[in-house]
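One-letter residues, chain by chain:
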Amino acid sequence: MRLRWILAALVLAGCVTSGEGEKMQRDIRELRERLDSLDRRDVDINEQVARLKKVLDQATSLLSRNSADIGTKVAKNEGDIAMVNGQVEEARHLLEQLQKQIVEQNNRLASIEQTQTKIVERVAPTLPEDKETLWREAQSRMASGSRDDARRFLRSFTQRFPQDARVPQALLILGQSFAVEGKHTQAVAEYLKVMDTYRTAPEVPESMWLMAQSYAELKFCSDSIAVLTDLTKRYPKSARVNDAKTKLRELNKIARDKRLCSS
């Protein structure tokens, strides 16, 4: 378009020679080629610029997304770390509290034990030296329900005066005091002492009867049956014979019931 305006201007200016015309034509061709080259270069540049702009737009968008993602992840990680730190601090605090409670509890237990020791030392009665007083105090305390004190007195009596005729009776009382508390194994041990050490004592049949009762409570039915059978054979005139026979019938009926008899 620009070339045509130049040519028109030259024609309006006047006539030219043939040599000048040829030169002008060459110049015009060169100008046209340059213009075409510039136009093509402009197109390429524009295309390259457009592509570059597109690439830059894409890179910017991607970078923005990545930055946002990284920021989100970092924020999340920071939040998780903060939460874990909080939990660690809470656990540490709870541990400190627990340790403090354990120390306090141990101190309380130590204080209680010291107090109990002092109470026992203050309250525990002094055992009398006199045999009759010792026996009388043992009976009195057992009657009042102070079984622990009564057992202490009776133990002292049987150990200090083993030849006294009342020792088998003391052992029976000891056994019965355990049986009342459901401690039948300890009760049986006391009854056995009567049978082993004082075989001729009149308390032996009673010790056998009481032993059979404790065996039954322990579900040792076969042992109870054996003791009762021996009682009826060895002491047929004992006051416990009828009781022993009745108990034998009961035990023989349930002897095979594993819920009631373990042996």
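Up top is the structure.
Residues numbered from 1 in each chain as written. Predicted model: local features only at pLDDT ≥ 70, side-chain atom pairs only at ≥ 80, totals over all residues. Heavy atoms only, no water.

Before we move on, can you summarise the side chain of Ser 224 with the specific residues and values?
Inspection of the secondary structure puts Ser 224 in helix H8 (residues 221–234). According to the relative accessible area criterion, Ser 224 is buried, its value standing at 0%. In contact with Ser 224, not counting residues within four places along its chain, are Ala 212, Tyr 215, Ala 216 and Leu 251. (Helix = DSSP H or I, 4+ residues; strand = E, 2+ residues; numbered from the N terminus. Buried < 20%, exposed > 50% of the residue type's maximum accessible area, 1.4 Å probe, protein only. Contact = heavy atoms within 4.5 Å.)

Talk me through the environment of Thr 197; I want residue IDs and the actual numbers.
In this structure, Thr 197 sits in helix H6 (residues 184–197). The exposed category is assigned to Thr 197, whose relative accessible area is 54%. Residues Thr 197 and Pro 168 lie 29 residues apart in sequence; the distance between their C-alpha atoms is 8.8 Å.

Give me the pattern of salt bridges: which residues, what numbers.
Overall, the coordinates contain 16 salt bridges when judged by the stated rule. As a salt-bridge pair, Arg 151 and Asp 148 come within 2.9 Å of each other at their nearest N and O atoms. With Arg 151 and Asp 148 both in helix H4 (residues 147–160) and 3 residues apart, the pair spans about one turn of that helix. We classify Arg 151 as buried; its relative accessible area is 7%. Overall, Asp 148 belongs to the exposed group, its relative accessible area being 55%. Lys 183 is the partner of Glu 181 in a salt bridge, and the nearest nitrogen-oxygen pair spans 3.2 Å. Look at Glu 181 and you get partly exposed, because its relative accessible area is 30%. The class of Lys 183 is partly exposed, set by a relative accessible area of 36%. Because the salt bridges share partners, they merge into one network encompassing Arg 147, Asp 148, Arg 151, Glu 181 and Lys 183. (Salt bridge = Lys/Arg side-chain N within 4 Å of Asp/Glu carboxyl O.)

Summarise the state of the cysteines; cite the residues concerned and give the values.
Counting across every chain of the model gives 1 disulfide. Across the disulfide, Cys 221 is cross-linked to Cys 261 (sulfur-sulfur distance 1.9 Å). Across the disulfide from Cys 221 to Cys 261, rotation about the S-S bond amounts to roughly -75 degrees, and the bridge is consequently left-handed. A residue pair is termed long-range when its members are at least 10 positions apart, and Cys 221 in helix H8 and Cys 261 in the segment after helix H9 (241–254) qualify at 40 residues. Overall, the relative accessible area of 1% leaves Cys 221 in the buried class. For Cys 261, a relative accessible area of 1% gives the class buried. (Disulfide = S-S within 2.5 Å.)

Break down helix H5 (residues 167–180) for me, with residues and values.
Compared with the 20 Å implied by 1.5 Å per residue over 14 residues, the 20 Å span of H5 between its first and last C-alpha is a close match. Most of H5 sits inside the fold, with 10 of its 14 residues counted as buried. Packing partners of the buried residues in H5 comprise helix H3 (131–143), H4, H6 and helix H7 (204–217). (Expected span 1.5 Å × (residues − 1).)

Run through H9, naming residues and quoting values.
Taking 1.5 Å per residue as the helical rise, H9 with its 14 residues ought to reach 20 Å, and the 20 Å between its terminal C-alpha atoms agrees with that figure. Within the span of H9, buried status applies to Val 241, Ala 244, Leu 248 and Leu 251. Buried residues in H9, looked at end-on, bunch into an arc of 80 degrees, giving them a common side. Exposed and oriented more than 90 degrees from the buried face of H9 are Asn 242, Arg 249 and Lys 253. (Arc of directions from axis to C-beta.)

Now, about the packing of aromatic side chains: what can you tell me, with residues and values included?
Any aromatic ring pair is given by two values, namely how distant the centres are and how the planes are angled relative to each other. As enumerated under the stated definition, the model contains 3 aromatic pairs in all. Centre to centre, the rings of Trp 135 and Phe 157 are 5.0 Å apart; their planes meet at 50 degrees, and the pair counts as tilted. With a gap of 22 residues between them, Trp 135 in helix H3 and Phe 157 in helix H4 connect regions that are remote in the sequence. Across the pair, exposure class does not vary: Trp 135 and Phe 157 are buried alike. Look at Tyr 215 and Phe 220: their rings are 6.4 Å apart centre to centre, the planes differ by 50 degrees, and that puts the pair in the tilted class. On the basis of relative accessibility, which here comes to 17%, the residue Tyr 215 falls in the buried class. The exposure class of Phe 220 is partly exposed, given its relative accessible area of 30%. By way of ring pairs, the aromatic residues Trp 135, Phe 157 and Phe 161 are connected into one cluster. Here the guanidinium or amino end of Lys 131 rests over the ring plane of Phe 161, the centre of that ring lying 5.7 Å away. (Phe/Tyr/Trp six-rings, centres within 6.5 Å; stacked < 30°, edge-to-face > 60°. Lys NZ or Arg CZ within 6 Å of the ring centre and 35° of its normal.)

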